[in-house]
Number of protein chains: 2
Amino acid sequence: MKNKELAEHLARQAAQASRKLAIAPSKQKDQALIEMAEALERRSSEILSENQEDLNEGRRKGLSSALIDRLLLDEDRIKAIADSLRDVATLPDPIGEVVGGWRTPEGLVIEKRRVPFGVVAVVYEARPNVTVDAAALCLKTGNAVILRGGSDAYHSNRILAEVIMGALLEAGMPAEAVQFVPSRDRQVLVELLQLSDHIDLVIPRGGEQLKNFLVENSKVPVIYAAGGNCHVYVDASADLADARAITVNAKVQRPGVCNSAETLLVHEAVAGEFLPAVAADLIDRGVRLYADERSRAALADLAERVEPATEAHYATEFLGLEMAVRVVDGIEQAIEHIAEYGTGHSEAIVTSDLEASRQFTEEVDAAAVYVNASTRFTDGAVFGLGAEIGISTQKLHARGPLGLKELTSTKYVILGRGHIR
Amino acid sequence: MKNKELAEHLARQAAQASRKLAIAPSKQKDQALIEMAEALERRSSEILSENQEDLNEGRRKGLSSALIDRLLLDEDRIKAIADSLRDVATLPDPIGEVVGGWRTPEGLVIEKRRVPFGVVAVVYEARPNVTVDAAALCLKTGNAVILRGGSDAYHSNRILAEVIMGALLEAGMPAEAVQFVPSRDRQVLVELLQLSDHIDLVIPRGGEQLKNFLVENSKVPVIYAAGGNCHVYVDASADLADARAITVNAKVQRPGVCNSAETLLVHEAVAGEFLPAVAADLIDRGVRLYADERSRAALADLAERVEPATEAHYATEFLGLEMAVRVVDGIEQAIEHIAEYGTGHSEAIVTSDLEASRQFTEEVDAAAVYVNASTRFTDGAVFGLGAEIGISTQKLHARGPLGLKELTSTKYVILGRGHIR
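Residues numbered from 1 in each chain as written. Chains lettered and ligands numbered in written order. Predicted model: local features only at pLDDT ≥ 70, side-chain atom pairs only at ≥ 80, totals over all residues.

**Points about the overall build of chain A**
Short version of the rule: Per the convention used, a helix needs a DSSP run of H or I reaching at least four residues, while a strand needs a run of E reaching at least two, with both numbered from the N terminus. The atom set for the radius of gyration is the C-alpha atoms, and the globule formula is 2.2 Å times the number of residues raised to the power 0.38.
If you tally the helices and strands in chain A, you get 15 helices and 16 strands. Here the C-alpha radius of gyration of chain A, 24 Å, is about what a compact globule of 421 residues would show, namely 22 Å. When the backbone C-alpha atoms are referred to their principal axes, chain A occupies close to 70 × 70 × 35 Å.

Structure follows, in structure tokens:
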């Protein structure tokens, strides 16, 4: 099939299956999730052998060891994926929830009900477990899913999708509810992104490059789960021991993820005391620091270990052991800095002052605004959503961790008795 | 200024003002709305003289009398616009509402708060009152607004925006919160649609052509308030008197709007009795009917007044006194037909059968699904939303009438005590 025909075929099949899925009882969906978990474990040797193909290809292509590790599946990882499916099965089904209801003056009875989107396309990069996660969250929410994974994990993704579709059939559900894109040609994705009649939503899981590709190409509505240029601001009134712990945690606990901090902002009143201590902690843990002039003055003793900060440093999501530092005149300048460079992901203030806390949480525009806690907490599991398909940095539809409810839409159902206007 | 510079200037000004607006107290916003109402009435002669320019231009260009009527302002219409502003001032402010909150096992206190989008661009066609409505709803929800009206109403829109901005200043608020696009060049709109860093949302108010223009051109997230190809399905068990009243109301009460019905579907068991009666009603009111073969058989006595229906008729939003008719085998075929041709706006069943009601409301995928009521009720005021900026037919973010809450996003605020992961 040509790319366009292939895309249309996938989207039509998904759209058809989505109508059955939308009315499937929770019990049947949960049964399918459990079948999926069992099938993954039962067929693990097939999965591992396809995964081996990807690993071999990856090594031939010279992928970095970090990327190879992201690709790698083993018995333990398969077990973990299967367990996460069993967890999703235990979560409450959001579909059918009546989110509001009332009677109008004319006597119409209105209900607003939670319903599936219909067809969700998930576009992702190297990790094969996303194939299973995305399929599971979409199934649970009554959505058909089109899976378009990274080409490095092609063989792994294909076998995982096949295993899932087999399990759907076992559970008496349409296998077409999960559509795997059987091509590595990016043009198929471009064609899928034109099909706004059949596909209701696209969720990209990946970096800014993938986001920009979708901004350019998608006619289907998108929820962007994009990058985080997150800040920690240490206020004049901060408990400096807390500030030190939070800064170090936000930077080094897992520096490669989107909720880790990239820039430290420090109130000038505490810079002299705070900066040398926190900088020593960070440098000890291998963090490279890029500091503005006032920070470097406070860090004179560590001068050899600290580089001058540029505009570009403040604008960068390092995703590694690097951090920009700036001394600010006060909370207003900190809020200004965040408005200028932040990506609206997670922002933290360390303070003991009530008014500073109020001002920061009101004026900083981000998905998650923290007072006296690390930015690293922005996460579906921590927030208690049960499962997460990504963290949205856009304001339309859903902001912050995307759980099951965020994968749904609503519908008004109106009951009359022959009402006319 | 060149188009691109102009667009960037407008968007930056709006983004800056939006930060002040986001934290403005309700009282101040409501005061500004009342100032706006008073300024409109006080400056009505200026407004009417600019409106006269548009009318003169429109007549020179040979606009239809319907379009001229949409353009026209007079003292009564200005009074009505001013009153609608006073109504918006009395509505509860959605900003700051805590929509959820809980404590995590680690002891973090999480609140999910309703916040403004930031900057909303509203793109609309002929009616100048939209300039005021859109500005009022955005102001109430703490959003800065960029207004891009139709070029036929250019002079009216410009003076209305000027009056509104003056009133904002009087109320001590930034006039930059309302940005009027001072150019009729469509290229400025194209440039605005690229500025996803500064503009958070675009709402088009207009037909399918405007929607398609935005699908092609916008990098900013969009809520589509698009067309409605709505159906009335008369079930075998329907009260036929109700069915007749509902069908006629849904078609003729205001045929030019998106929630009017375009196709009548009738269960074969009642076609013989129902169709001649309802067809006579419709024809009496000037409706042209396009009927399939089975319908025409039932309408043999009216054969001269009924044309054969084509595929194209079923796919058309007539927005006028025309209606397609089809006899179906039963509810499944009706649901199929709606899935094929419907635009997900408003769909109605007339039935006395509980199971048919359940099946229809569950399986029909639309913003509003009616049982025994006219599709004409899909409206923000009828639904009790107080005010409406359009009716969304998309599933992302908001579906159905867009009231004040639908013009907001949310933010998580998390309070810790030195929490780290």
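**With respect to the packing of helix 3 (residues 44–61) of chain A against helix 7 (residues 154–170) of chain A**
Residues and elements named next belong to chain A. Our working rule: Working convention: axes come from line fits to C-alpha atoms, limited for helices to the stretch in contact. Angles between N-to-C directions cover 0 to 180 degrees. Each angle receives one of four descriptions, namely roughly parallel if under 35 degrees, roughly antiparallel if over 145, roughly perpendicular if within 65 to 115, and oblique otherwise. Each residue is represented by a C-beta atom placed from its backbone, and any two residues with such atoms within 7 Å are regarded as in contact. Note on residue classes: Ala, Val, Leu, Ile, Met, Phe, Trp, Tyr, Cys and Pro are nonpolar, Asp, Glu, Lys and Arg are charged, and everything else, Gly too, is polar.
Here helix 3 crosses helix 7 at 160°, and the two axes come no closer than 7 Å. As judged from the angle between their axes, helix 3 and helix 7 are roughly antiparallel. Judged by residue contacts, Glu 46, Ile 47, Glu 50, Asn 51, Glu 53 and Asp 54 of helix 3 engage Tyr 154, His 155, Ser 156, Arg 158, Ile 159, Leu 160 and Val 163 from helix 7. Tallied by class, residues from the contact of helix 3 with helix 7 come to five nonpolar, three polar and five charged.

**Concerning unusual backbone geometry**
Residue and element names in this part refer to chain A. Convention followed: Comment: burial labels come from other C-beta atoms within 10 Å of the residue's own C-beta, placed from the backbone, where a count of 20 or more is buried, 12 or fewer is exposed, and between is partly exposed.
In the Ramachandran plot, Asn 372 falls in the positive-phi region, its phi being about 55° despite a non-glycine side chain. For Asn 372, the location among the structural elements is in strand 13 (residues 368–373). When the 23 C-beta atoms within 10 Å are taken as the criterion, Asn 372 is described as buried.

**Focus on the packing of helix 5 (residues 75–90) of chain A against helix 6 (residues 129–140) of chain A**
All names here are of chain A. At a minimum axis separation of 10 Å, helix 5 and helix 6 run at an interaxial angle of 10°. As far as their axial angle goes, helix 6 and helix 5 are roughly parallel. For the pair helix 5 and helix 6, contact is made by Ile 81, Ser 84, Leu 85 and Val 88 and by Asn 129, Val 132, Asp 133, Ala 136, Leu 137 and Lys 140, respectively. Along the lines of polarity and charge, the residues of the contact of helix 5 with helix 6 split into six nonpolar, two polar and two charged.

**What about helix 2 (residues 26–42) of chain A?**
Every α-helix winds through 3.6 residues per turn, so residues three or four apart in the chain are directed the same way. Residue and element names in this part refer to chain A. As a reminder, the rule being used: The span one expects for a helix is its residue count, reduced by one, times 1.5 Å.
Taking 1.5 Å per residue, 17 residues should reach 24 Å; helix 2 reaches 24 Å between its end C-alpha atoms and fits that length. For helix 2, the set of buried residues is Lys 29, Asp 30, Ala 32, Leu 33, Glu 35, Met 36, Ala 37, Ala 39 and Leu 40. Close packing links the buried residues of helix 2 with helix 3, helix 5, helix 6 and helix 7.

**Points about the relation of the copies chain B and chain A**
Going by this rule: To line up the copies, we fit them by least squares on C-alpha atoms, keeping just the residues with pLDDT of at least 70 in both.
For the match of chain B to chain A, the screw axis carries a shift of 0.0 Å, the RMSD comes to 0.0 Å, and the turn is 180°. These values place the two chain copies in the arrangement generated by a two-fold rotation axis. Among all residues of chain B, the one whose C-alpha sits closest to the rotation axis is His 397 of chain B, at a distance of 1.8 Å. Taken as a fraction of all interface residues of chain B, those also at the interface in chain A reach 100%, which identifies the copy contact as same-surface.

**Details of the domain arrangement of chain A**
Residues and elements named next belong to chain A. As a reminder, the rule being used: The split of the chain into domains comes from an automatic or database domain assignment.
Each assigned domain of chain A is listed with its residue range as follows: domain 1 (3–225 + 397–415) and domain 2 (230–381). Centre-to-centre separation of domain 1 and domain 2, based on C-alpha positions: 36 Å. Contact with domain 1, which involves four residues of that partner, is made by five residues of domain 2. Here the residues of the side of domain 1 that touches domain 2 are counted per class, giving one nonpolar, two polar and one charged.

**Here's the deal with the sheet that holds strand 3 (residues 119–124) of chain B**
Residues and elements named next belong to chain B. Definition in use: Paired strands are those between which DSSP finds at least two bridges.
An order of 5-4-3-6 is seen for the four strands of this open sheet, with the pairing classed as parallel. Because the sheet does not close on itself, it has two edges, and the strands there are strand 5 (178–180) and strand 6 (201–205). Geometrically, the sheet is characterised by an average inter-axis angle of 20° between neighbouring strands, direction not taken into account. Strand direction decides the pairing type here: strand 3 and strand 4 (residues 144–148), joined by five bridges, are parallel.

**Brief notes about the sheet that holds strand 13 of chain A**
The 10 strands are arranged 10(A)-9(A)-11(A)-8(A)-7(A)-12(A)-13(A)-16(B)-2(B)-1(B) in an open sheet whose pairing can be described as mixed. Each having just a single partner strand, strand 10 (306–308) of chain A together with strand 1 (98–103) of chain B make up the two edges of the open sheet. Sheet twist, expressed as the average angle between the axes of neighbouring strands with direction ignored, equals 25°. Sheet contacts for helix 11 (residues 268–284) of chain A: strand 7 (230–234), strand 8 (261–267), strand 9 (288–291), strand 10 and strand 11 (322–328) of chain A; angle to strand 8 of chain A, the most-contacted strand, approximately 150°.

**Considerations on the environment of Tyr 290 of chain A**
Residues and elements named next belong to chain A. You can see Tyr 290 is positioned in strand 9. By C-beta crowding, Tyr 290 is classed as buried, having 22 other C-beta atoms within 10 Å. With 98 residues separating them in the primary sequence, Tyr 290 and Leu 192 have C-alpha atoms 43 Å apart. For Tyr 290, the contacting residues outside a window of four places in its chain are Glu 307, Pro 308, Ala 309, His 313, Ala 324 and Val 325.

**Focus on the pairing of strand 16 (residues 408–419) of chain A**
Pairing of strand 2 (residues 109–116) of chain A with strand 16 of chain A, which is carried by eight bridges, proceeds in the antiparallel orientation. In the sheet register, Arg 113 of chain A faces strand 16 of chain A, and the bridge partner there is Lys 411 of chain A. Taken together, the five bridges between strand 16 of chain A and strand 13 (residues 368–373) of chain B define a ladder with parallel strand orientation. Counted as the bridge partner of Val 413 of chain A is Val 369 of chain B from strand 13 of chain B.

**Focus: the environment of Ala 14 of chain A**
All names here are of chain A. Along the chain, the position of Ala 14 falls in helix 1 (residues 3–22). Counting along the chain gives 339 residues from Ala 14 to Asp 353, while the straight-line C-alpha distance between them is 53 Å. Discounting residues that sit within four places of it in the chain, Ala 14 has contacts with Val 119, Ala 144, Ile 146, Glu 176 and Gln 179.

**Describing the interface of chain B and chain A**
At the junction of the two partners, chain B supplies 58 residues and chain A supplies 58 residues. Looking at the side of chain B that touches chain A, the elements with two or more residues in it are helix 10 (240–252), helix 15 (354–363), strand 13 and strand 16 (408–419) of chain B. Residue contributions to the side of chain B that touches chain A peak at 11 residues, all from strand 16 of chain B. Tallied by class, the residues present in the side of chain B that touches chain A amount to 27 nonpolar, 17 polar and 14 charged.

**What about the pairing of strand 3 of chain B?**
Residue and element names in this part refer to chain B. Counted only if it meets this: Crossovers are marked right-handed if the path from the first strand over the helix to the second runs clockwise, as seen with the strands pointing away from the viewer.
Summarising burial for strand 3: six of the six residues are buried, a large majority. Burial along strand 3 is two-sided: Val 119, Ala 121 and Val 123 and Val 120, Val 122 and Tyr 124, pointing in opposite directions, are all buried. Each parallel crossover has a hand, and for strand 3 linked through helix 6 (residues 129–140) to strand 4 it is right-handed. The sheet contact formed by strand 3 and strand 6 spans five bridges and is parallel. Each residue of the ladder has a partner; that of Ala 121, found in strand 6, is Val 202.

**Digging into helix 5 of chain A**
Residues and elements named next belong to chain A. Quick reminder of the rule: To obtain the arc, one takes the directions from the helix axis to the C-beta atoms.
With 16 residues, helix 5 ought to run about 22 Å at 1.5 Å a step, and its terminal C-alpha atoms sit 23 Å apart, in line with that. Those residues of helix 5 lying buried are Ile 78, Ile 81, Ala 82, Leu 85, Val 88 and Ala 89. All buried residues of helix 5 fall inside an arc of 110° around its axis, so they share one side. Projecting away from the buried face of helix 5 at angles above 90 degrees are the exposed residues Asp 76, Ala 80 and Thr 90. In this fold, the buried residues of helix 5 make contact with helix 2, helix 3 and helix 6.

**Re the environment of Phe 318 of chain A**
Of note, Phe 318 of chain A is situated in the loop between helix 13 (311–314) and strand 11. By C-beta crowding, Phe 318 of chain A is classed as buried, having 20 other C-beta atoms within 10 Å.

**Section: the nonpolar core**
In summary, soluble globular proteins display a tendency toward joint burial of nonpolar side chains. To keep things clear, this is the line we draw: A set of buried Ala, Val, Leu, Ile, Met, Phe, Trp, Tyr and Cys residues, joined to one another through C-beta atoms within 7 Å, is what we call a nonpolar core.
The biggest cluster of nonpolar side chains holds 267 residues, and the ones touching the most others in it are Ile 146 and Ile 164 of chain A together with Ile 146 and Ile 164 of chain B. If sequence neighbours within four positions are ignored, Ile 146 of chain A has contacts with Leu 10, Ala 11, Ala 14, Val 119, Ala 121, Gln 179, Val 181, Leu 192 and Ile 199 of chain A.

**Considering the confidence of the model for chain A**
To keep things clear, this is the line we draw: For every residue, the predictor reports its confidence as pLDDT, a number between 0 and 100.
Chain-level statistics for chain A give a pLDDT mean of 96 and a share of 100% at 70 or above. Here the prediction assigns the complex a pTM of 0.94, and the interface score ipTM is 0.95.

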